[in-house]
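# Observations on the model geometry
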Amino acid sequence: MAVAYIPAYLEDRAIFVKERANGLYGPTSFIVANFITGLPYLFVITMLFSVVAYWLTNFRPTAGSFFSWVMWLFLDLIAAESLVVLISSIVPIFVVALAATAFANGLWMSVGGFLVTPGSLNVFWRYVFHYIDYQSYVFQVPPVRVHAHSRRSAAVPLHVHAKRS
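Residues numbered from 1 in each chain as written. Predicted model: local features only at pLDDT ≥ 70, side-chain atom pairs only at ≥ 80, totals over all residues. Heavy atoms only, no water.

The protein carries the name ABC-2 type transporter transmembrane domain-containing protein in an unreviewed UniProt entry, which gives Cryomyces antarcticus as its organism. You can read under Subcellular location (unreviewed entry) in the UniProt record for the protein the words "Membrane". According to the UniProt record, the Sequence similarities (unreviewed entry) comment for the protein is "Belongs to the ABC transporter superfamily. ABCG family. Eye pigment precursor importer (TC 3.A.1.204) subfamily." (UniProt positions renumbered as here; feature names shortened; annotations may be inferred.)

This is the structure we're talking about:
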């Protein structure tokens, strides 16, 4: 979803450049206003996804666990949108910003620990990219929290528990 924000941000940035040249407002007010107006939309996206996906994944059915999941996903979306703003501010060309953002997201997915375990990454990839990857923390914390008091073990596949019941 983050890359879908690039065209809108680039249009807003072009307007900002003209208005800043006229002395209407500065970069801080532009970024803060842009951030605040985007938060409700990110929260709606987070809730719509979580209402469906959380219950389909059979996580712990408590309100605390659900809202913890929502919080981590919301923070992840904020970080992803912030990455889009950063890259689009550095490179205000649509195609280049789109490619750079897609590359950054692909890099975060590759070193985040979901596809390749952090222990199998060499020292360079682990210390340069894995520990600054915001997605790695989002993918590690919620499963631990929502399965913390689960009856099943993480080492045993779900279908084994289904046969015992």
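Right, let's talk about the nonpolar core for a bit. Soluble globular proteins: nonpolar side chains tend toward being buried together. Counting 20 residues, the largest nonpolar core has Tyr9, Leu83, Trp108 and Val111 as its most contacted members. At the level of elements, α1 (6–21), α3 (63–90) and α4 (94–111) are the ones that each hand at least two residues to this core. Leaving out residues up to four positions away in the same chain, Leu83 has contacts with Ala104, Asn105, Trp108 and Tyr134. Among the nonpolar cores identified, the runner-up in size contains six residues, and Tyr54, Phe59, Phe66 and Trp69 belong to it. (Core = buried A, V, L, I, M, F, W, Y, C linked by side-chain atoms within 4.5 Å. Buried < 20%, exposed > 50% of the residue type's maximum accessible area, 1.4 Å probe, protein only. Helix = DSSP H or I, 4+ residues; strand = E, 2+ residues; numbered from the N terminus. Contact = heavy atoms within 4.5 Å.)

A few words on the UniProt feature "transmembrane region" (unreviewed entry) in the protein. Listed under "transmembrane region" (unreviewed entry) in the UniProt record, and renumbered for this structure, are residues 30–57, 69–100 and 106–125. The span residues 69–100 shows a helical share of 91% and a strand share of 0%, and its end C-alpha atoms are spaced 28 Å apart. For residues 106–125, the helix share is 45%, the strand share is 0%, and the end-to-end C-alpha distance is 14 Å.

Throughout the structure, instances matching the rule amount to 18 aromatic pairs. Ring geometry for Phe16 and Phe30: centres 4.6 Å apart, planes at 15°, overall stacked. Separated by 14 residues along the polypeptide, Phe16 in helix α1 and Phe30 in helix α2 (residues 27–56) bring together distant segments of the chain. Accessibility assignment for this pair places Phe16 and Phe30 in one class, buried. Ring centres 5.9 Å apart and planes at 80° place the aromatic pair Phe124 and Phe129 in the edge-to-face group. The exposure class assigned to Phe124 is partly exposed, which follows from its relative accessible area of 46%. One aromatic cluster in this structure is built from Tyr54, Trp55, Phe59, Phe66, Phe67 and Trp69. (Phe/Tyr/Trp six-rings, centres within 6.5 Å; stacked < 30°, edge-to-face > 60°.)

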